[in-house]
Amino acid sequence: MKNWLLLSVLLSVKPAFSSPSVEMLHWWTADGEESALAVVAEQFDSLPFTLKSEPITGGGGGPAKAILQARAIAGYSPDIALMEGPAIQSWAALGFLNNVNEVAASHGWDKSLYPDIKAIHQYEGNYVAIPLNIHRLNWMWINRKVLNQHQLSSPQTWESLLLALTTLKANGVSPLALGEDPWQIVQIFENIAFGVGGANYYRQAFVDLDPDALNSSETLEALNRFRALANIVGNDLPNISWNQGTKALLDGEYAFQFTGDWALGEMFSFEGEIPDYIECSAFPSTEKGFIYNVDSLAFFTKITGEDRNMIPIMASLSSPQFLLKFSQKKGSIPAQANISVNELSRCQQKSYQDYTHASTKGAAMPSLTDSMAVNPVLQNAVSNELYRYFMDPSISAETLIGHLHAINNEVFR
Ligand code: BGC
């Protein structure tokens, strides 16, 4: 055998000591998300495993969650999956998840996790997933340069926001970076609803799905505001993903974007930092508050019984140093309370202050449309209704409230 041939055969053989790979299913495919994922991958450098990333495109993770279910039913779940909210407990109840009690004890989660966040990650007394971060959803991202060009100041109230959007539109400027993707649209409704009714109303209506709170003047008003927004921007929404929207906001093609602070991760990846002309302002509300979701990692048990000892991985992915580095790229704040946020950006520091304030006042609310408040069946049913309402002006607010009631009565919670 010629030497070069022998060499290429030798190079193509995987060395016996190559470390086993651990597959992680997730939906972090935007630039900012990928740079946060790189921080996860780096953690594996000092572990006897390599990370095999399994990305499934789709903001909010709808497609990724469907694929996760299909794979689990077919008996080949990934080793690790990105998860959110009540779904964690459902997966645990079905026996799919390893517990993470050992790392929870070593990092003192009983004390270091915020109470709301702790509850989501427990099932029958066991911790069953690792919380990485807290994302804020009730943000308005504002391009000040665009507002300045049209002599507009940053809106603090719903009325002034509406005025700014209409003025921009009348001046031929696209006011809002919003694509036709339902996940982007329905998030805005919960910001509006919180803005109208505050934390108690939001909790009763969208976490407890209390029939009286759903059928209230607040819901009617929130739907009317959602329609007013649809009338301004809804006719011909562009086919852009949320991250393309963020890029276009940075480029001055739009004045506003209403989405979670994954947009910040995107800004870091394009600009290295938040440009001076970008403002992060809480979505207008009568009461201060915070709408959140949490990215969590769950570790699957293997039906084949081949599960590996994942504890070193769990320990590495819940260390405070890692959580800080991860949020630095992701735009969020770390999920453990004992981590200093001094090194995070101005918007993340504001998020931290607002979260800790809201959380002590009981005004930190889980996002319904981003999988934190109710089970996925209900979430999808409610989101579909809100999306149809936004897109179809012939559906009245009263009809929509009727549909929400029907869902609430029919869907098993
Ligand atoms: C996740 C974020 C992600 C965003 C957009 C949200 O559901 O919590 O981590 O960046 O979706 O894909």
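Before any of the text, the structure's been laid out above.
Reading guide: rules and limits
- Residues numbered from 1 in each chain as written.
- Predicted model: local features only at pLDDT ≥ 70, side-chain atom pairs only at ≥ 80, totals over all residues.
- Heavy atoms only, no water.
- Core = buried A, V, L, I, M, F, W, Y, C linked by side-chain atoms within 4.5 Å.
- Buried < 20%, exposed > 50% of the residue type's maximum accessible area, 1.4 Å probe, protein only.
- Helix = DSSP H or I, 4+ residues; strand = E, 2+ residues; numbered from the N terminus.
- Domains from an automatic or database assignment.
- Contact = heavy atoms within 4.5 Å.
- Pairing = 2+ DSSP bridges.
- Near = heavy atom within 4 Å.
- Polar contact = N/O pair within 3.5 Å; in protein donor to acceptor, adjacent residues only side chain to side chain.
- Areas by Shrake-Rupley, 256 points an atom, 1.4 Å probe, with all protein chains shown as cover.
- Nonpolar A, V, L, I, M, F, W, Y, C, P; charged D, E, K, R; others polar.
- Phe/Tyr/Trp six-rings, centres within 6.5 Å; stacked < 30°, edge-to-face > 60°.

Trainee: For this particular structure, what's the right way to read the nonpolar core?
Mentor: Across soluble globular proteins, you tend to see nonpolar side chains buried next to one another. Counting residues in hydrophobic clusters, the biggest one holds 128 residues, and the most contacted among them are Phe44, Leu97, Phe256, Phe299 and Ile313. In terms of residue count, the dominant contributor to this core is helix 10 (residues 182–207) (15 residues). Residues from two domains meet in this core; each of domain 1 (21–135 + 292–361) and domain 2 (138–289 + 364–412) gives at least three. Among residues more than four places away in sequence, those in contact with Phe299 are Asp79, Ile80, Phe96, Leu97, Asn98, Val100, Ile130, Met310, Ile313, Met314 and Leu317. Counting residues in each nonpolar core, the second largest holds 13 residues, with Trp139, Phe268, Ile274 and Cys280 among its members.

Trainee: Would you mind showing me how to read the sheet that holds strand 9 (residues 278–282) here?
Mentor: Sheet strands pair by backbone hydrogen bonding; their relative direction is either parallel or antiparallel. Read across the sheet, three strands follow the order 8-7-9 without closing on themselves; strand pairing throughout is antiparallel. At either margin of the open sheet sits one strand with a lone partner, and together these are strand 8 (256–257) and strand 9.

Trainee: How should I be thinking about the site of the ligand in this particular structure?
Mentor: The environment of the ligand is formed by 14 residues, the closest being Glu33, Glu84, Asn293, Asp295 and Lys330. Take Glu33: an N or O atom from its side chain is 2.4 Å from an oxygen atom of the ligand. One of the side-chain nitrogen or oxygen atoms of Asp295 is found 2.6 Å away from an oxygen atom of the ligand. In isolation the ligand exposes 310 Å². Once the protein is present, 100% of that is buried. Of the residues that constitute the shell around the ligand, the class distribution is five nonpolar, four polar and five charged. Two domains each donate at least three residues to the shell around the ligand, and these are domain 1 (21–135 + 292–361) and domain 2 (138–289 + 364–412).

Trainee: Explanation requested: the packing of aromatic side chains in the structure shown.
Mentor: For any pair of aromatic rings, the description consists of the separation of the ring centres together with the inter-plane angle of the planes. Counting across every chain of the model gives 21 aromatic pairs. Residues Phe258 and Phe283 carry aromatic rings whose centres are separated by 5.1 Å and whose planes lie at 90° to one another, so their mutual orientation is edge-to-face. With Phe258 in the loop between strand 8 and helix 14 (262–271) and Phe283 in the loop between strand 9 and strand 10 (290–299), the pair connects residues that are 25 residues apart, well separated along the chain. The residues Phe258 and Phe283 share a single accessibility class, namely buried. Members of the aromatic cluster, connected to one another through ring pairs, are Phe189, Phe194, Tyr201, Tyr202, Phe206, Phe226, Tyr389 and Phe390.

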